[in-house]
Amino acid sequence: MPLSDKACVSGVGETVYERGSSKTAFELQIASSLKAIADAGLTPKDIDGVIPIGIVSGTAEDFIDNFGIPDLRFSALIPHGGASPAIALQTATAIVAAGICNHILITFGRSVTASANKAGARIHQMPQFHYVTEFEHPMGNNAPAQIYAPMARRHMELYGTTVAQFGAVAVAHRQHALLNDNAIMTKPITLEDHRNSRMIADPFRLFDCSLESDGGAAIVISAANRAADLRHRRVFISGVSAGHPDSPASITQRGDMTSLGLSKAAPRAFEMAGVKPEDIDVAEIYDCFTYAVIRQFEDMGFCKKGEGGPFVEGGRIGPGGALPTNTHGGLLSQAHVWGLNHIVELTRQLRGNAGRAQVKDAELGVVTGYGDMGDGGLTVMRRE
Amino acid sequence: MTELPTKPTPPDSDLSRPYWEAAAKGELLIQGCASCNTLRHYPRLLCDQCYSDEASWAVASGRGTIHSWTVAHHAFHPAFIAELPYTIVTVDLEEGPRALGRWSGETPTIEQPVQGRFEVSDGTPELIFVPRIVG
């Protein structure tokens, strides 16, 4: 496979995750970028490719200016909402594998404290949501929780997925967050706490919904043959792919409204890596909602469609389980930086640097992205 | 007196103007391909079956069944605070495509028969579905 193991995640960086930060999204993006670059053992001027991500974001020119980059050879924007970091991994892998440049910075910052970034305010700013903006927003379908809830209701109706199974996801994520020193949520929750949390958009309760938070996260993707003597043991991108659902701009019009782009992407990434779901030691799954974690296990083939509910029960995905998932607490309990924190966490797990949440002998992991109304991506990563 | 926030309005669009003009008169129009007659909703530039850019419009009856639903308990836009809780339904129209609208009735059940009609709210036609008695 031409792309397999040609790229690696050489550096990761995160700011403190919090609420009410006084910093702008760009400041947070720059701060996390500098950390990731230093983590790679590089200097800012070594960066020769950039994929800036976020509704509020620095441009490629901003990075050239602020870092004094002498020769930026590659830049791209990925227009897929929360799936952008995961889909950017495919772009970055292909570009470094092709020898276009050596070290690509993928970087994100977010300040919800600035009201332009609150969930209801931003949907109509995004062109991929144009059908929702025109036909549904005026009637009160305003934010992801409301737009995605019918998918979950349909899944419950067709497969018997339960509120307690959503709760199992929420509880496992909170357990993992408690093992992470940079997680916003610090109190444990029970299944009863999940069920008693206030309803947002039926069937989504508060604890089914990801956080809104301030912070920045960044990674450096380096050509594998340029990363052998950088700071850390290499973490290879073994398989990477992107996929889009049918009727990508409207869940309302999607034939099978539970289907996601990940179902198309996953077989490609596993084939490229030459591994199967049962080989995976640790999973970082884009958890915009508890339901989304259940669905993505199905779409990746960890279990059959409709069996995701039972799959996440019984401690399987919590600390010490058979498939520890979102070992940092995820978007549900750590912070919401569009899933870049998931790529950071998987890298740390495969380096053996994940601290109290370290999955013993983790060699192979997956990270997913989910964006807008079901765009997705899958990356299989392995340690050197 | 402070003004109450108004609901967002649909952006103006040449492509879907016929839909909104009909909605203002209480009619639900669904776009179709003038070349191969495939219906599609929401309105598009091309037919994805034969790639024709010639569109026709068909009046839909508003009859359908519930495909899915959600109940909003939290307002993500200030204009909807006063309406909480409100129910949004996704309906399989008998013509084939789906429609999203507001629900007037008890908690819906999947496959429940419904009837849709337009009501104007803050100047915009709003598609409201109600239970339909069959048989």
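In this text, all values refer to a predicted model and were calculated from it rather than measured experimentally.

Turning to the packing of helix 9 (residues 262–273) of chain A against helix 10 (residues 290–300) of chain A, a few remarks are in order. Residue and element names in this part refer to chain A. Packing of helix 9 against helix 10 leaves a shortest axis separation of 8 Å and a crossing angle of 50°. Judged on the interaxial angle alone, helix 10 and helix 9 are oblique. In the crossing of helix 9 with helix 10, the sense of the turn from one axis to the other is right-handed. Counting all contacts with helix 9, which are made through Leu 262, Ser 263, Ala 266 and Phe 270, the residues of helix 10 involved are Gln 296, Asp 299 and Met 300. Each residue belonging to the contact of helix 9 with helix 10 can be placed in one class, and the counts come to four nonpolar, two polar and one charged.

Next up on the list: the pattern of salt bridges. Opposite charge on two side chains permits pairing when their charged atoms draw close. All names here are of chain B. For the structure shown, the criterion picks out 24 salt bridges over all chains. The partner of Asp 14 in a salt bridge is Arg 17, with the nearest N and O atoms 2.9 Å apart. Relative accessible area serves as the criterion here: at 66%, Asp 14 is assigned to the exposed category.

Turning our attention to the environment of Thr 258 of chain A. Residues and elements named next belong to chain A. Residue placement: Thr 258 occurs in the loop between strand 8 (235–243) and helix 9. Its relative accessible area of 0% is what places Thr 258 among the buried residues. Sequence separation between Thr 258 and Ala 92 is 166 residues; the distance between their C-alpha atoms is 29 Å. In this structure the side chain of Thr 258 is engaged in a polar contact, spanning 2.7 Å, whose partner is the side chain of Asp 256.

Moving on: the sheet that holds strand 8 of chain A. Residues and elements named next belong to chain A. Taken in spatial order, the nine strands of this open sheet run 3-2-4-7-1-8-11-10-9, and their pairing is mixed. Two strands bound the open sheet, and with one partner strand each, they are strand 3 (74–75) and strand 9 (282–284). Pairing geometry for strand 9 and strand 10 (residues 364–371), over three bridges, is parallel. By the bridge assignment, Ala 283 is partnered in strand 10 with Val 366. Against the sheet, helix 2 (residues 60–67) contacts strand 2 (49–53), strand 3 and strand 4 (103–110), and its axis sits at roughly 120° relative to strand 2. Across the sheet, helix 3 (residues 84–97) lies against strand 1 (7–14), strand 2, strand 3, strand 4, strand 7 (215–223), strand 8, strand 10 and strand 11 (375–383), angled at about 115° from strand 8, the strand it touches most.

This part takes up the interface of chain A and chain B. Facing 33 residues of chain A, the contacting portion of chain B comprises 37 residues. Around 3,000 Å² of area is buried between chain A and chain B when both sides are counted, 61% of it from carbon and sulfur atoms. When the buried surface of chain A facing chain B is broken down by residue, Phe 135, Met 139 and Gln 253 of chain A rank first, second and third, together holding 23% of it. Counting the contacts that link chain A with chain B gives zero salt bridges.

Here the focus is the domain arrangement of chain B. All names here are of chain B. The domains assigned to chain B are domain 1 (13–60) and domain 2 (62–135). Averaged C-alpha coordinates put domain 1 and domain 2 at centres separated by 21 Å. Between domain 1 and domain 2, the contact holds 13 residues from the first and 10 residues from the second. Of the roughly 910 Å² buried between domain 1 and domain 2, counting both surfaces, carbon and sulfur atoms make up 77%. At the surface where domain 1 touches domain 2, the tally comes to zero salt bridges. One can count one residue pair in polar contact (both at pLDDT 80 or more) joining domain 1 with domain 2. For the side of domain 1 that touches domain 2, the residue count by class is 10 nonpolar, two polar and one charged.

On to unusual backbone geometry, then. Omega for the peptide link from Asp 202 of chain A to Pro 203 of chain A comes to 10°, which places this bond in the cis form. Among the secondary structure elements, Pro 203 of chain A is positioned in the loop between strand 5 (199–201) and strand 6 (204–205). Here the amide bond leading from His 41 of chain B into Tyr 42 of chain B is cis, since omega sits at 10°, within 30 degrees of zero. Within the secondary structure layout, Tyr 42 of chain B lies in the loop between strand 2 (39–40) and strand 3 (55–60). The phi torsion at Asp 361 of chain A lies on the positive side, around 55°, for a residue other than glycine. When you line up the elements, Asp 361 of chain A lands in the loop between helix 13 (340–351) and strand 10. Even without being a glycine, Asp 122 of chain B presents a positive backbone phi close to 50°. Tracing the backbone through its elements, the reader meets Asp 122 of chain B in the loop between strand 7 (113–121) and strand 8 (124–131).

All names here are of chain A. If you check helix 9, its first and last C-alpha atoms are 16 Å apart, about what 12 residues at 1.5 Å a residue would give, namely 16 Å. Taken as a whole, helix 9 has its buried residues at Leu 262, Ala 265, Ala 266, Ala 269, Phe 270, Met 272 and Ala 273. In an axial view of helix 9, the angular spread of the buried residues amounts to 155°, which keeps them on one side of the axis. Close packing links the buried residues of helix 9 with strand 8, helix 10, strand 10 and strand 11. Positive backbone phi, approximately 70°, marks Gly 274, located one or two places after helix 9.

About the cut-offs
- Residues numbered from 1 in each chain as written.
- Chains lettered and ligands numbered in written order.
- Predicted model: local features only at pLDDT ≥ 70, side-chain atom pairs only at ≥ 80, totals over all residues.
- Heavy atoms only, no water.
- Axes fitted to C-alpha atoms, helices over the stretch in contact; angles between N-to-C directions.
- Helix = DSSP H or I, 4+ residues; strand = E, 2+ residues; numbered from the N terminus.
- Parallel < 35°, antiparallel > 145°, perpendicular 65-115°, else oblique.
- Left-handed = near helix turned anticlockwise from the far one by under 90°.
- Contact = heavy atoms within 4.5 Å.
- Nonpolar A, V, L, I, M, F, W, Y, C, P; charged D, E, K, R; others polar.
- Salt bridge = Lys/Arg side-chain N within 4 Å of Asp/Glu carboxyl O.
- Buried < 20%, exposed > 50% of the residue type's maximum accessible area, 1.4 Å probe, protein only.
- Polar contact = N/O pair within 3.5 Å; in protein donor to acceptor, adjacent residues only side chain to side chain.
- Pairing = 2+ DSSP bridges.
- Buried area = accessible area lost by both parts, 1.4 Å probe.
- Domains from an automatic or database assignment.
- Expected span 1.5 Å × (residues − 1).
- Arc of directions from axis to C-beta.

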